[in-house]
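Each chain, written out:
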Amino acid sequence: MTSSPPPGLARFNTSQDSAALAALHEVCASSAWGSKLLAQRPYATVEALFDASDAAMAELSAEDLAEAMAGHPPIGRPKPGDPTSSREQSGMAGAAEELKAEMLELNLAYQERFGHVFLICATGRTGEQMRDAVRERIGNSPEQEREIVRTELGKINRIRLTRVVAEGE
């Protein structure tokens, strides 16, 4: 006997392409990633959706990664009115002003070095942990950093996909 997917996943599987693509775009701004996930519906399990997400993330070109990163605000400056970035960056919300100022400087230095925002799966991390990560990663080569960003985006996508398929349950 095969079990049916959980209600949120079933809803995602059967939603109109435009609605599913809009939900996927909220998860990740890469249109290539979203198109790949959309094309593979229906998903039997949430894990199958995660696997498809990871595979699509691994295949993204440098341009696709840049498009995905463009959907993320700098750490310490969530998009106004965006509950997702505020929730994910909550570790910076109560940070001391000195730490916030240091993160701003580090973000700018990182962006100048790599040409994009510092990206980290911020969920569950403190402001200090995020600061330490940017300090550590700013010395990476662009190639190393691109692969770290790919991994971090994959983690973020899994968290956000979990939320998409859990809505309404």
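Residues numbered from 1 in each chain as written. Predicted model: local features only at pLDDT ≥ 70, side-chain atom pairs only at ≥ 80, totals over all residues. Heavy atoms only, no water.

### Digging into the environment of L108
The condition that has to hold: Going along the chain from the N terminus, every DSSP run of H or I of four or more residues is numbered as a helix, and every run of E of two or more is numbered as a strand. Think of it in three bands: with a 1.4 Å probe and only protein chains considered, a residue is buried below 20% of the maximum accessible area for its type, exposed above 50%, and partly exposed in between.
Looking at where L108 falls in the secondary structure, it is placed in helix α8 (residues 97–114). Among the residues examined, L108 registers a relative accessible area of 47% and is labelled partly exposed. C-alpha of L108 to C-alpha of S53: the two residues are 55 residues apart in sequence and 30 Å apart in space.

### Section: the nonpolar core
Put simply, the rule reads: Nonpolar core, defined: a set of buried Ala, Val, Leu, Ile, Met, Phe, Trp, Tyr and Cys residues in which side-chain atoms within 4.5 Å join the residues together. Residue contacts follow a heavy-atom distance rule, with two residues in contact if any of their heavy atoms lie within 4.5 Å.
Formed by 41 residues in total, the largest nonpolar core has its most connected members in F12, W33, L37, L49, I75, L153 and L161. Where this core is concerned, the elements lending two or more residues are α1 (7–14), α2 (17–27), α3 (31–39), α4 (46–59), α5 (62–70), α8, α9 (127–137) and α10 (142–166). No other element matches the 6 residues that α10 contributes to this core. Setting aside chain neighbours within four positions, we find I75 in contact with Q89, M92, M103, N107, F118, I120, A122 and M130.

### Looking at the packing of α2 against α10
Each pair of packed helices can be described by the angle between their axes along with the distance between the axes. We count it as follows: Under this scheme, a helix contributes an axis fitted over its contacting stretch, all axes are lines through C-alpha atoms, and angles between N-to-C directions fall in the 0 to 180 degree range. To sort the angles, those under 35 degrees are grouped as roughly parallel, those over 145 as roughly antiparallel, those from 65 to 115 as roughly perpendicular, and the leftovers as oblique. Should the near helix be turned counterclockwise from the far one by less than a right angle, the crossing is left-handed, whereas a clockwise turn marks it as right-handed.
Running from amino to carboxyl end, α2 crosses α10 at an angle of 140°, the nearest separation of the two axes being 9 Å. Between α2 and α10, the crossing angle belongs to the class labelled oblique. Considering the relative orientation of α2 and α10, their crossing is right-handed. On α10, the residues that touch A23, L24, E26 and V27 of α2 are N157, R160, L161 and V164.

### A look at the pattern of salt bridges
The condition is simple: Salt bridges are identified by distance alone: a Lys or Arg side-chain nitrogen within 4 Å of an Asp or Glu carboxyl oxygen.
For the structure on display, the rule yields 12 salt bridges. Between E59 and K36 there is a salt bridge, with the nearest N and O atoms lying 2.9 Å from each other. With a gap of 23 residues between them, E59 in helix α4 and K36 in helix α3 connect regions that are remote in the sequence. Of the charged contacts in the structure, one is a salt bridge between R131 and D132, with a shortest N-O distance of 3.1 Å. Salt bridges linked by common partners bring E102, R131, D132 and R135 together as one network.

### Some thoughts on the packing of aromatic side chains
Going by this rule: Ring pairs shown here join Phe, Tyr and Trp side chains whose ring centres sit within 6.5 Å, with only the six-membered ring taken for Trp; geometry is labelled stacked below 30 degrees between planes, edge-to-face above 60, and tilted in between. Remark: a charge is flagged as sitting over a ring if the NZ atom of Lys or the CZ atom of Arg is within 6 Å of the ring centre and within 35 degrees of the ring normal.
Throughout the structure, instances matching the rule amount to 3 aromatic pairs. Between the aromatic rings of Y110 and F114, the centroid separation amounts to 4.6 Å while the plane-to-plane angle is 45°, which identifies the pairing as tilted. Highlighted residues: Y110 and F114, both in helix α8, separated by 4 residues, approximately one helical turn. Residue Y110 shares its accessibility class with F114, and that shared class is buried. Grouped by ring-pair contacts, the aromatic residues Y110, F114 and F118 constitute a single cluster. Positioned above the aromatic ring of F12, the side-chain terminus of R41 is 5.7 Å from the ring centre.

### A few points about the state of the cysteines
Quick reminder of the rule: Two cysteine sulfurs form what is called a disulfide whenever their separation falls within 2.5 Å.
For the coordinates displayed, the defined rule picks out 0 disulfides. Counting only cysteine sulfurs, C121 is the nearest neighbor of C28, a cysteine outside any disulfide, at a range of 13 Å. The class of C28 is buried, set by a relative accessible area of 2%.

### Here we look at unusual backbone geometry
Cis geometry marks the peptide bond from R41 to P42; its omega dihedral reads 0°. Mapped onto the secondary structure, P42 falls in the loop between α3 and α4.

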